[in-house]
Amino acid sequence: MEGNSGGTGGGGGNDVELLCKTLQVEHKLFYFDLKENPRGRYLKISEKTSATRSTIIVPFDGISWFLDLFNYYVNSDKQDVFSKELQLDSKVFYFDVGENRRGRFLKVSEASVSRNRSTIIVPAGSARDEGWAAFRNILAEINEASRLFILPNQQQNSEASERLVGLSDDVGAGFISGHSSQPTASDLTVDRTIDLPPPDEIGNLGVSKVIRADQKRFFFDLGSNNRGHFLRISEVAGSDRSSIILPLSGLKQFYEMVGHFVEITKDRIEGMAGANVRTVDPPQR
DNA sequence: ACGGCGC
């Protein structure tokens, strides 16, 4: 299976797992593994039945396209869905709807020069395409979480991982090494933050945070809608709530602006004297 | 517990 040349020890086996999810649709089990190696990130989707296992590798930048396509198949009436092709890097993914006596299914095939064609087949489900919808929801979660939620096992010092360059054959050529400009976990961690049990709404990825200041609470929630991804910051005092919706494209500016005001007011901020002063320099690059 | 795909 994993015929890897050069004695490096297995295709993708040493890659860092950023996020793992499983989904059961009828009797199939789908594994979603967001992984990272020095060449970039990718999403490995495996279909497992009792007898077979099949895997496709989606380049990181293709995740949102997969999400869009699953949305298309979920939301379209069955009489007007078409097959789709998605070209990513050197790969082509084919999406085809089929039907047999077991029901409708979506066949997703990956074709690339270096690998044999591999295919996963996602049952539509019995009602309202709920199998596809569940698959779509997982993709949405991964798509959202992967952009902001840098997991703790993602090393800040990349020295160790730099020695692993070229290790994995699981990733097609032409990958983007896209992990340089992302904020680190500590950049996004606010002092006095406490973990919040999952609240209100779908699309919330368990990355909700709350901070308290005086009598107010501020909730930070990731979300997305058809216009993109955003951070919602809600001020809750008593029973009143008001929110600002911050597109992720503006998050860094927001961060820098807050840092500016922290900087110019820090001698008046309680608890920030002396060694506790935590300057909030904008991340370089 | 399916079963599609494609060889």
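It should be emphasised that the depicted structure is a prediction, and the values quoted were computed from it without experimental measurement. (Residues numbered from 1 in each chain as written. Chains lettered and ligands numbered in written order. Predicted model: local features only at pLDDT ≥ 70, side-chain atom pairs only at ≥ 80, totals over all residues.)

### Some remarks on the overall build of chain A
- When helices and strands are counted, chain A shows five helices and 13 strands.
- In chain A, which comprises 285 residues, the share counted as buried stands at 20%.
- Residue pairs in contact within chain A that sit at least 24 positions apart in sequence constitute 43% of those at least 6 positions apart. (Helix = DSSP H or I, 4+ residues; strand = E, 2+ residues; numbered from the N terminus. Buried ≥ 20, exposed ≤ 12 C-beta atoms within 10 Å, placed from the backbone. Contact = placed C-beta atoms within 7 Å.)

### Overview of the nonpolar core
- In this structure, Leu43, Val58, Ile63, Phe70, Leu106 and Trp132 are the most contacted members of the largest nonpolar core, which totals 30 residues.
- Where this core is concerned, the elements lending two or more residues are strand S2 (28-37), strand S3 (40-48), strand S4 (53-59), helix H1 (63-75), strand S6 (91-100), strand S7 (103-111), strand S8 (118-123) and helix H2 (130-148).
- It is H1 that contributes the most residues to this core, seven residues altogether.
- The contact partners of leucine 43, leaving out residues within four places of it in the chain, are Phe32, Leu34, Val58, Phe60, Ile63 and Ile142. (Core = buried A, V, L, I, M, F, W, Y, C linked by C-beta atoms within 7 Å.)

### Quick word on the protein's contact with DNA strand B
- The environment of DNA strand B is made up of 16 residues, and the closest members are Glu26, His27, Arg102, Phe105 and Thr119.
- Of all the secondary-structure elements, those providing two or more residues to the surface near DNA strand B are S6, S7 and S8.
- If one sorts the elements of the surface near DNA strand B by residue count, S7 sits on top with four residues.
- Residues of the surface near DNA strand B, tallied by class, amount to three nonpolar, eight polar and five charged. (Near = placed C-beta within 6 Å. Nonpolar A, V, L, I, M, F, W, Y, C, P; charged D, E, K, R; others polar.)

### A few points about H1
- Look at H1: 18 Å from first C-alpha to last across 13 residues, which is about the 18 Å you get at 1.5 Å a residue.
- Within the sequence span of H1, burial applies to Ile63, Phe66, Leu67, Leu69, Phe70, Tyr73 and Val74. Viewed end-on, H1 has its buried residues packed into an arc of 165 degrees, placing them on one side of the element. (Expected span 1.5 Å × (residues − 1). Arc of directions from axis to C-beta.)

### Focus: the environment of glycine 13
- Inspection of the secondary structure assignment puts glycine 13 in the segment before strand S1 (16-25).
- Glycine 13 gets classed as partly exposed once you count the C-beta atoms within 10 Å, which come to 13.
- Taking the C-alpha atoms as reference, glycine 13 lies 9.8 Å from lysine 35; in sequence the two are 22 residues apart.

### Notes on the sheet that holds S6
- Ordered by their spatial adjacency, four strands build an open sheet running S5-S6-S7-S8, and the pairing between neighbours is antiparallel. Sheet topology places strand S5 (84-88) and S8 at the edges, where each strand pairs with a single neighbour. In this sheet, adjacent strand axes meet at a mean angle of 20 degrees when their direction is disregarded.
- In the sheet, S5 pairs with S6 via five bridges, with the strands oriented antiparallel. Considered in S6, the bridge of lysine 84 is made with phenylalanine 95. (Pairing = 2+ DSSP bridges. Axes fitted to C-alpha atoms, helices over the stretch in contact; angles between N-to-C directions.)

### So, helix H5 (residues 251-265)
- For H5, spanning 15 residues, the distance from its first C-alpha to its last is 21 Å, which sits close to the expected 21 Å at 1.5 Å a residue.
- Across the 15 residues that make up H5, only a small minority, zero, are buried.

### Here we look at the sheet that holds S4
- An order of S1-S2-S3-S4 is seen for the four strands of this open sheet, with the pairing classed as antiparallel. Since the sheet does not close on itself, it has two edges, and those belong to S1 and S4, each with one partner. Sheet twist, expressed as the average angle between the axes of neighbouring strands with direction ignored, equals 15 degrees.
- Pairing analysis gives seven bridges linking S3 to S4, with the strands arranged antiparallel.

### Section: unusual backbone geometry
- With a phi angle near 55 degrees, arginine 128 is a residue other than glycine that sits in the positive phi range.
- For arginine 128, the location among the structural elements is in the loop between S8 and H2.
- In this structure, aspartate 214 is a non-glycine residue whose phi angle is positive, near 50 degrees.
- If you trace the backbone, aspartate 214 turns up in the loop between strand S10 (209-213) and strand S11 (216-225).

### A short note on the environment of isoleucine 244
- Along the chain, the position of isoleucine 244 falls in strand S13 (residues 240-247).
- By the C-beta count within 10 Å, which is 11 here, isoleucine 244 ends up exposed.
- Through-space distance from the C-alpha of isoleucine 244 to that of leucine 231 is 8.3 Å; in sequence the pair is 13 residues apart.

### What about the confidence of the model for chain A?
- This prediction gives chain A a mean pLDDT of 73; 68% of its residues lie at or above 70.
- For chain A, the element scoring lowest by mean pLDDT is helix H3 (residues 159-162), at 32; S8 scores highest, at 95.
- Confidence drops under a pLDDT of 50 for residues 1-10, and excluding neighbours within four residues, the segment shows seven contacts in the predicted structure. (pLDDT = per-residue confidence, 0-100.)

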